[in-house]
Amino acid sequence: MFDFDRETDRRGTWSVQWDGIADRFGVPELLPFTISDMDFASPPAVLDALRARVDHGVFGYTDWRLGEFREAVREWYATRYDTEIDPEALVYAPSVLNQLSQLLRMWTEPGDGVAVHTPTYDGFRKAVTGLGRELRGVAIGDEEALEAELARPGTRMLLLCSPHNPTGRVWREDELAGFAALAERHGVAVVSDEIHADMVAEGRRHLPWTRFAEAGRGRRWAVVTSGTKSFNFPGLTGSYGIIGDPGERETFIRRMETGEGLASPAVLSLTAHIAAYRRGGPWLDELRAYLAGTMRMLAGRLSEGLPGVQWSPPEAGYLAWIDLRPLGIDESALQRELIETEKVAIMPGGVYGTPGFVRLNVGCPRAKAERGVDALVRAASRLRSR
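Summarised in this report is the structure supplied together with it. Bear in mind the structure is a predicted one, so any value in this text is a computation, not a measurement.

**Concerning the overall build of the protein chain**
Alright, step 1. Each helix and strand in the protein chain was counted, giving twelve helices and eleven strands.
Alright, step 2. Its C-alpha radius of gyration of 21 Å places the protein chain within 12% of the 21 Å reference for a compact globule of 386 residues.
Alright, step 3. Here the C-alpha coordinates of the protein chain stretch approximately 60 × 55 × 40 Å along the principal axes.
Alright, step 4. Expressed as a percentage of its 386 residues, the buried residues of the protein chain come to 55%.
Alright, step 5. Of all intrachain contacts in the protein chain linking residues separated by at least 6 positions in sequence, the fraction that spans at least 24 positions is 75%.
Alright, step 6. Within the structure as shown, the protein chain displays about 16,300 Å² of accessible surface, and the carbon and sulfur contribution to it stands at 49%.

Here it is as structure tokens:
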């Protein structure tokens, strides 16, 4: 029903991925596979709703608690995740990272530790360290080290990425239950960023943190998420969260409305979310199937072109986290080859605290993804032969 092979020219649209490429890589006009937005147009249902709202012509101050927004979120969780949430438990903010920053201010103090899994989404690092907190990284799968970090003096929060960015890991039920038990044992707050939840691969299942919250620090827990990632409208801004404790929830809302001056959300974001959650499901399901095909293509070309690399498609998302360490090539040298010779921009693993990897965004028409992986194979092969 939907054409994901269609290429849309995003140049000249103030796109961070396309027009802002020189800011990060120092060279303009590279073919980008970088920041995690997609090159696909948003679903027709979302575009139709936005057109209708624009045609109304009046964009006054807006209250997210009025109208259909909270009920649309409740329905989405019930149908997609078989999880009932209380619409009254919802909060709203311009972005997931904005929510995280507010929760860090509420539940931690400067100098406190925040435990995260490594590799770590760079937005977490900026939010945590930018507010003067200490980022305490633990390798995925090392539960002993995680408990040691949560037990350390001054650790006040466990910050989850669920599913995980950049690896695409979907946490299992026993893992999430274990995180909840550790948080309870050591008295730390939990914030679960679930913005990639809708993008799980076939055969995988995302379990919202709300299912484990009562076992994990009852009062101080939050889910932060948004439909902007799944339906590709991050430029409209807008995110929502779930905070279990009514007092903590009211504190969050009051701080946003007073200290941050963010009482009125972007009306087009509300419009897009409601349309996406009410009528965007078929588009999302076809997109996930299309991306699965792209990931299979990527796996085949990496296996053929770089046989030393053992890579499998991620369990969620459209970000390919590729371990190039078996090739024994220098990350800086690889970046030079990619930028200067191949004219492509691919995120180096060092950005996420794990040099030797790359993060390749394939949320794009397959023809573009093919150009990206072929460029990566050529650049890595040249370095290996030297």
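**Digging into helix H6 (residues 143-151)**
Alright, step 1. For H6, every residue scored as buried is listed here: Leu-146, Glu-149 and Leu-150. Each buried residue of H6 lies within a common arc of 95 degrees when the element is viewed along its axis, so the set occupies one face.
Alright, step 2. Where H6 is buried, its residues touch strand S3 (113-118), strand S4 (134-139), strand S5 (155-161) and helix H7 (173-186).

**Describing the packing of aromatic side chains**
Alright, step 1. One pass over the structure, following the stated rule, counts 19 aromatic pairs.
Alright, step 2. Seen in terms of ring centroids, Phe-2 and Phe-4 are 6.4 Å apart; in terms of plane orientation they differ by 50 degrees. Their pairing is tilted.
Alright, step 3. The exposure class assigned to Phe-2 is partly exposed, which follows from its relative accessible area of 23%.
Alright, step 4. Judged by centre distance (5.3 Å) and plane angle (70 degrees), the rings of Tyr-121 and Phe-124 are edge-to-face.
Alright, step 5. Classification of Tyr-121 by relative accessible area gives partly exposed; the value is 22%.
Alright, step 6. A relative accessible area of 3% means that Phe-124 is categorised as buried.
Alright, step 7. One aromatic cluster is present, built from ring pairs that chain together Phe-2, Phe-4, Phe-40, Trp-64, Phe-69, Trp-76, Tyr-92, Phe-231, Tyr-240, Tyr-277, Trp-283 and Tyr-290.

**Let's talk about unusual backbone geometry**
Trans peptide bonds make up the majority, and among non-glycine residues the majority have a negative phi.
Alright, step 1. Pro-119 follows Thr-118 through a cis peptide bond whose omega is 0 degrees.
Alright, step 2. Take Pro-119: it is sitting in the loop between S3 and helix H5 (122-130).
Alright, step 3. Each neighbour pair has its own omega, and for Ser-162 with Pro-163 the value is -5 degrees, a cis peptide bond.
Alright, step 4. By the element assignment, Pro-163 lies in the loop between S5 and H7.

**Comments concerning the packing of helix H2 (residues 44-56) against helix H9 (residues 267-279)**
Alright, step 1. Put simply, H2 and H9 touch, their axes get as near as 8 Å, and they point 145 degrees apart. Crossing handedness for the pair H2 and H9: right-handed. On H9, the residues that touch Ala-45, Val-46, Ala-49, Leu-50, Arg-53 and Val-54 of H2 are Val-267, Leu-268, Thr-271, Ala-272, Ala-275, Ala-276 and Arg-279.
Alright, step 2. Residue composition of the contact of H2 with H9, by class: ten nonpolar, one polar and two charged.

**What to know about the environment of Ala-266**
Alright, step 1. Relative to the helices and strands, Ala-266 resides in the loop between helix H8 (246-257) and H9.
Alright, step 2. Classification of Ala-266 as partly exposed rests on a relative accessible area of 33%.
Alright, step 3. Considered as a pair, Ala-266 and Ala-93 are 173 residues apart in the sequence and their alpha carbons are 9.8 Å apart.
Alright, step 4. Discounting residues that sit within four places of it in the chain, Ala-266 has contacts with Tyr-92, Leu-236 and Thr-237.

**As for the nonpolar core**
Alright, step 1. If you look at the biggest cluster of nonpolar residues, it comprises 81 residues, and the most contacted ones within it are Leu-103, Leu-158, Trp-209 and Leu-287.
Alright, step 2. Apart from residues no more than four positions distant in its own chain, Trp-209 is found in contact with Leu-160, Leu-176, Phe-179, Ala-180, Val-190, Ser-192, Glu-194, Trp-221 and Val-223.
Alright, step 3. In this structure, Leu-298, Leu-306, Val-358 and Cys-364 belong to the second largest nonpolar core, which totals 33 residues.

**Here we look at the sheet that holds strand S8 (residues 239-243)**
Alright, step 1. Here we have seven strands laid out as an open sheet, ordered S2-S8-S7-S6-S5-S3-S4, and mixed in their pairing. With partners counted over all chains shown, the strands left at the sheet margins are strand S2 (90-93) and S4, one partner each. Across this sheet, the average inter-strand angle for adjacent strands is 25 degrees, counted without regard to direction.
Alright, step 2. Bridge count for strand S7 (residues 221-225) against S8 is four bridges, and the pairing is antiparallel. Paired with Thr-225 across the two strands is Tyr-240, which belongs to S8.
Alright, step 3. Contacting S2, S3, S5, strand S6 (189-193), S7 and S8, helix H4 (residues 96-107) crosses the sheet at an angle of about 160 degrees to S7.

Each value, and the rule that gives it
Numbering of residues starts from 1 in each chain and follows the order in which that chain's sequence is written. In keeping with the predicted nature of the model, local features appear solely for residues at pLDDT of at least 70, side-chain atom pairs appear and are counted solely at 80 or more, and the whole-chain, interface and lining totals rest on all residues. Calculation of side-chain values draws on the structure's entire complement of heavy atoms; hydrogens and water are dropped beforehand. Numbering goes from the N terminus for both helices and strands, where a helix is a DSSP run of H or I of at least four residues and a strand is a run of E of at least two. For this measure, only C-alpha atoms enter the radius of gyration; the expected value for a globule follows 2.2 Å times N^0.38, where N is the number of residues. For the exposure calls, accessible area comes from a 1.4 Å probe over protein chains only, and a residue counts as buried if that area is under 20% of its type's maximum, exposed if over 50%, partly exposed in between. The contact definition used throughout considers only heavy atoms, calling two residues in contact when any of these lie within 4.5 Å. Computed with the Shrake-Rupley method and a 1.4 Å probe, the accessible areas treat only the protein chains shown as cover for residues. The arc in question is traced by the directions running from the helix axis to the C-beta atoms. Planes of paired rings set the category: under 30 degrees apart is stacked, over 60 is edge-to-face and the rest tilted, where pairs are Phe, Tyr or Trp rings (Trp by its six-membered ring) whose centres lie within 6.5 Å. In this description, a line fitted to the C-alpha atoms serves as the axis of each element, helices being fitted only across the stretch in contact, and the angle between N-to-C directions of two axes falls anywhere from 0 to 180 degrees. Two helices crossing with the near one rotated counterclockwise from the far one by less than a right angle form a left-handed crossing, whereas a clockwise rotation gives a right-handed crossing. Each residue receives one of three labels: charged for Asp, Glu, Lys and Arg, nonpolar for Ala, Val, Leu, Ile, Met, Phe, Trp, Tyr, Cys and Pro, and polar for the others, Gly being one of them. By nonpolar core we mean a set of buried residues, namely Ala, Val, Leu, Ile, Met, Phe, Trp, Tyr and Cys, connected to one another through side-chain atoms within 4.5 Å. Strands pair, by our definition, only if DSSP identifies at least two bridges between them.

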